[in-house]
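Spelled out, the chains give:
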Amino acid sequence: MASKQDTGRSYHLQCTGEALATAQAHASPENITLFGSCFCPFVQRVWVTLEHLGIDYMKPAELLELSPKGLVPALRLNNFDPPRALNESTVIMDFLEELATSNTKRSSHTTESLFPPLSDPYARALIRLQADNVNRSLIPAFYRYLQAQDEAKQVEGAKGFVEAIDGLLTLFKRAEREGYTQYGLWHERGSLSYADVMAAPWLFRATNVLKHYRGFVLPEGEQFRAYVDRVLNHPAFKRTCSTEQLYLDSYERYAFNRPNTSQVANAINAGTALP
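To start, this report covers the structure provided alongside it.

Criteria and thresholds
Residues numbered from 1 in each chain as written. Predicted model: local features only at pLDDT ≥ 70, side-chain atom pairs only at ≥ 80, totals over all residues. Heavy atoms only, no water. Phe/Tyr/Trp six-rings, centres within 6.5 Å; stacked < 30°, edge-to-face > 60°. Helix = DSSP H or I, 4+ residues; strand = E, 2+ residues; numbered from the N terminus. Buried < 20%, exposed > 50% of the residue type's maximum accessible area, 1.4 Å probe, protein only. Lys NZ or Arg CZ within 6 Å of the ring centre and 35° of its normal. Polar contact = N/O pair within 3.5 Å; in protein donor to acceptor, adjacent residues only side chain to side chain. Contact = heavy atoms within 4.5 Å.

**Regarding the packing of aromatic side chains**
Step number 1: Counting across every chain of the model gives 17 aromatic pairs.
Step number 2: A centroid spacing of 6.2 Å and a plane angle of 85° characterise the contact between Tyr-213 and Phe-256, whose relative ring orientation is edge-to-face. Of this pair, Tyr-213 sits in helix H6 (residues 194–214) while Phe-256 sits in the loop between helix H10 (252–255) and helix H11 (263–270); the two residues are 43 residues apart in sequence, bridging distant segments of the chain. For the pair Tyr-213 and Phe-256, one class covers both residues: buried.
Step number 3: By way of ring pairs, the aromatic residues Tyr-11, Phe-39, Phe-142, Tyr-143, Tyr-145, Phe-161, Phe-216, Tyr-251 and Tyr-254 are connected into one cluster.
Step number 4: The side chain of Arg-128 reaches across the aromatic face of Tyr-194, ending 5.5 Å from its centre.

Shown next, in the form of structure tokens:
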């Protein structure tokens, strides 16, 4: 049953569960430091990228400086004097992908890229189309649904979120029809892709936050459910996940659309593009 009452809970300041263990394992100084909140999905997709690509980094367990409100990710690049910084999750993910393919020091987790090889620009473009759909459709639909307050708006929001999921699946199926089954977890023998990492934090929050506050259930379909299972159980993703209560507490303010919850929430309320 969906939660009906705002209890005034605030967002958490420190990771829990596997995410805390991962942060503690990356507590030593490195050339790259990742800053951002423990519940933010934009931070999580950068964190998954670091984990999957095996790039050495430091991740404080708690909310720290560098990003507006601490909600969006930021990297501090400590090998510059003075240190330099990057923000915006997609920019950081692109930077890390390029860094990982330029003979940087990497850990033992993986040697895989999030993209097809440079020799196949069309396959890379298909992945970028999928990622673009996540940013343009899936993410705004998630917040519109979560922040909707009256029942009619919530029904409309649920429909919009399911339509956004269907739009992403249409692009996955297009790539499959065209023979690109090794890139992305849509296919059971595929590898984690840039688009998977883009989508995963919001699909994950659909299974806990949207379920708790809106009674949402993911769409049926054996292939889709198998895809979600592969993505959410991918080791690089699981290592960045806190326990469920952290997300339920941290997203209560979105679910009841409290004033000035975040820049993202304000943009949804104003009907403008996400920051």
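Once the structure has been displayed, the description carries forward.
**Some words on the side chain of His-26**
Step number 1: Along the chain, the position of His-26 falls in the loop between helix H1 (17–25) and strand S1 (32–35).
Step number 2: Given the relative accessible area of 16%, His-26 is considered buried.
Step number 3: A polar contact is formed between the side chain of His-26 and the side chain of Glu-51, at a distance of 3.2 Å.
Step number 4: Among all residues touching His-26, those that are not within four sequence positions of it are Glu-51, Tyr-57, Met-58 and Lys-59.

**What about the environment of Trp-202?**
Step number 1: Note on placement: Trp-202 falls in helix H6.
Step number 2: Under the relative-accessibility criterion, Trp-202 is labelled buried at 0%.
Step number 3: If we skip the residues at most four places from it in the chain, Trp-202 touches Pro-41, Phe-42, Arg-45, Ile-139, Phe-142 and Tyr-143.

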